Amino acid sequence: MPQNFDNQPPLRPTHLAGRLAAPSFVIPAGVAENARFLAGKVDEVGLCLFETSACLNYGPQDLPPDLAALPLRWHAHLPVDLPWPQKSTAAQSAYPARTAATLARQVLKKAAFLEPRYAVLHPPKGSPLMQRRLLAGFAHHWKKHCHVQLLLENVAHSDIRSLGQGFLQDHGLGLCLDVGHLLGYGQKNLLLSTLPEQASLVHWSAPGDGDRHLPLTAFTGPQMQTAADLMVRFCATAVHMAEIFNWKGLADSLPILDAFAQPQPAL
């Protein structure tokens, strides 16, 4: 008997009205079914375009045209398996960055009819110098052919702060701040920087023992306090995505997000 995933009420955090997002995988089904399920429950869907080859094979059955009629905004997470070079010497040329940017644009083109507002990119592995060279090249080639705002996400091998002060602004890049990654990887330099205030998109999950994308109910006490302190630093237009890949865990997290977003009383 099919499981009824719609038995949870559409819990919209009132203090994040218009700015609540969910990933395109919260029930075990394709993108289209997930999007239809999420319509009316959240304001925006983050398309999980994680695998280059699989997403390049998407057709109308995966992303049907009628999705554009849903009451949703959209952004996209670019593939995490882009062919970045593994040796620092390869970063001397812009060619690897151009190849990665071209593939990423081809993937995003599959969802162009949804007019995604942001495209989230994981930095490549390597030294900060190598990352800067590759990301600068990627941004250059991306902006030549695509006008979707590119956001860098903090990951295990890059807290974004390590790219250097002003790197995002110098290359026309924005920030997707992943709270679960910040907590799970102990990214204190990011926490103590002014980057949180610059985030256009915020990913929320509890890290567990690393990067588990658990419900916010799994926060430890100190993690809960750090997360609450972070919320007050984010700008008033930032979109907040509960990056939890099952509906029950996501729904259980929304009251916590709402509590975080509640205006603080004046002292």
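Please refer to the structure higher up on the page.
Note that this is a predicted model, so its numbers are computed, not measured.

Cut-offs and rules
- Residues numbered from 1 in each chain as written.
- Predicted model: local features only at pLDDT ≥ 70, side-chain atom pairs only at ≥ 80, totals over all residues.
- Heavy atoms only, no water.
- Helix = DSSP H or I, 4+ residues; strand = E, 2+ residues; numbered from the N terminus.
- Rg over C-alpha atoms; globule rule 2.2 N^0.38 Å.
- Buried < 20%, exposed > 50% of the residue type's maximum accessible area, 1.4 Å probe, protein only.
- Areas by Shrake-Rupley, 256 points an atom, 1.4 Å probe, with all protein chains shown as cover.
- Pairing = 2+ DSSP bridges.
- Right-handed = clockwise from strand over helix to strand, strands pointing away.
- Expected span 1.5 Å × (residues − 1).
- Arc of directions from axis to C-beta.
- Contact = heavy atoms within 4.5 Å.
- Salt bridge = Lys/Arg side-chain N within 4 Å of Asp/Glu carboxyl O.
- Axes fitted to C-alpha atoms, helices over the stretch in contact; angles between N-to-C directions.
- Parallel < 35°, antiparallel > 145°, perpendicular 65-115°, else oblique.
- Left-handed = near helix turned anticlockwise from the far one by under 90°.
- Nonpolar A, V, L, I, M, F, W, Y, C, P; charged D, E, K, R; others polar.
- Phe/Tyr/Trp six-rings, centres within 6.5 Å; stacked < 30°, edge-to-face > 60°.

### Digging into the overall build of the protein
Along its length, the protein carries 9 helices and 8 strands. A compact globule built from 267 residues should have a C-alpha radius of gyration of about 18 Å, and the protein, at 18 Å, falls within 12% of that. With the C-alpha coordinates aligned to their principal axes, the bounding extent of the protein is approximately 55 × 50 × 30 Å. Burial analysis of the protein (267 residues in total) assigns 51% to the buried set. Per element, the accessible surface of the protein, about 12300 Å² overall, is 55% carbon and sulfur.

### Notes on the pairing of strand 1 (residues 20-23)
Residues Leu20 and Ala22 of strand 1 are buried on one face, and the alternating residues Ala21 and Pro23, pointing to the opposite face, are buried as well. Looking at chain direction, strand 1 and strand 8 (residues 239-242) are connected through 2 bridges and run parallel. Of the residues in strand 8, the one forming a bridge with Leu20 is His240. Here 3 bridges tie strand 1 to strand 2 (residues 44-48), and the two strands are oriented parallel to one another. Residue Pro23 lies in a different strand from strand 2, and its bridge partner there is Gly46. Regarding the hand of the β-α-β motif, the stretch spanning strand 1, helix 1 (residues 31-38) and strand 2 is right-handed.

### Considering helix 3 (residues 95-109)
Look at helix 3: 21 Å from first C-alpha to last across 15 residues, which is about the 21 Å you get at 1.5 Å a residue. Those residues of helix 3 lying buried are Pro96, Ala97, Ala100, Ala101, Ala104, Arg105, Val107 and Leu108. The buried residues of helix 3 all sit within an arc of 165° when viewed along its axis, so they share a single face. Exposed residues on helix 3 whose side chains face more than 90 degrees from its buried face are Tyr95 and Lys109. Considering only its buried residues, helix 3 is in contact with helix 2 (52-56), strand 3 (73-77), strand 4 (118-121) and helix 4 (128-145).

### Brief notes about the pattern of salt bridges
Summed over the entire model, instances satisfying the criterion amount to 6 salt bridges. A salt bridge links Glu44 to Arg73, with the shortest nitrogen-to-oxygen separation between them at 3.0 Å. Highlighted residues: Glu44 in strand 2 and Arg73 in strand 3, separated in sequence by 29 residues. The partner of Asp252 in a salt bridge is Lys248, and the shortest N-O contact between them spans 2.8 Å. Residue Asp252 and its partner Lys248 are both found in helix 9 (residues 247-261); the two are separated by 4 residues, about one turn of the helix.

### Brief notes about the packing of helix 3 against helix 4
For the pair helix 3 and helix 4, the least separation of the axes is 8 Å and the interaxial angle reads 45°. With respect to helix 4, the element helix 3 is oriented oblique. Handedness of the crossing formed by helix 3 with helix 4: right-handed. For the pair formed by helix 3 and helix 4, the contact residues are Pro96, Ala97, Arg98, Ala100, Ala101, Ala104, Arg105 and Leu108 on the first element and Leu134, Gly137, Phe138, His141, Trp142 and His145 on the second. Here the residues of the contact of helix 3 with helix 4 sort into 9 nonpolar, 3 polar and 2 charged.

### Thoughts on the pairing of strand 2
As a general feature of sheets, a regular strand has side chains that alternate between the two faces. Within strand 2, 5 of the 5 residues are buried, which leaves the element mostly enclosed by the surrounding structure. A two-sided burial pattern is seen for strand 2, the buried positions comprising Glu44, Gly46 and Cys48 on one face and Val45 and Leu47 on the other. Taken together, the 5 bridges between strand 2 and strand 3 define a ladder with parallel strand orientation. From the neighbouring strand, Glu44 faces strand 3, where its bridge partner is Arg73.

### Re the packing of aromatic side chains
In total, this model carries 6 aromatic pairs according to the counting rule given. Between Phe37 and Trp247, the aromatic rings sit 5.2 Å apart at their centres with planes inclined by 90°, giving edge-to-face as the arrangement. Remark: Trp247 occurs in helix 9 and Phe37 occurs in helix 1; sequence separation between them is 210 residues. A centroid spacing of 5.6 Å and a plane angle of 40° characterise the contact between Trp204 and Phe260, whose relative ring orientation is tilted. On the criterion of sequence distance, the pair formed by Trp204 in strand 7 (residues 199-204) and Phe260 in helix 9 is long-range, its members being 56 residues apart. Residue Trp204 is classed as buried on the basis of its relative accessible area of 0%.

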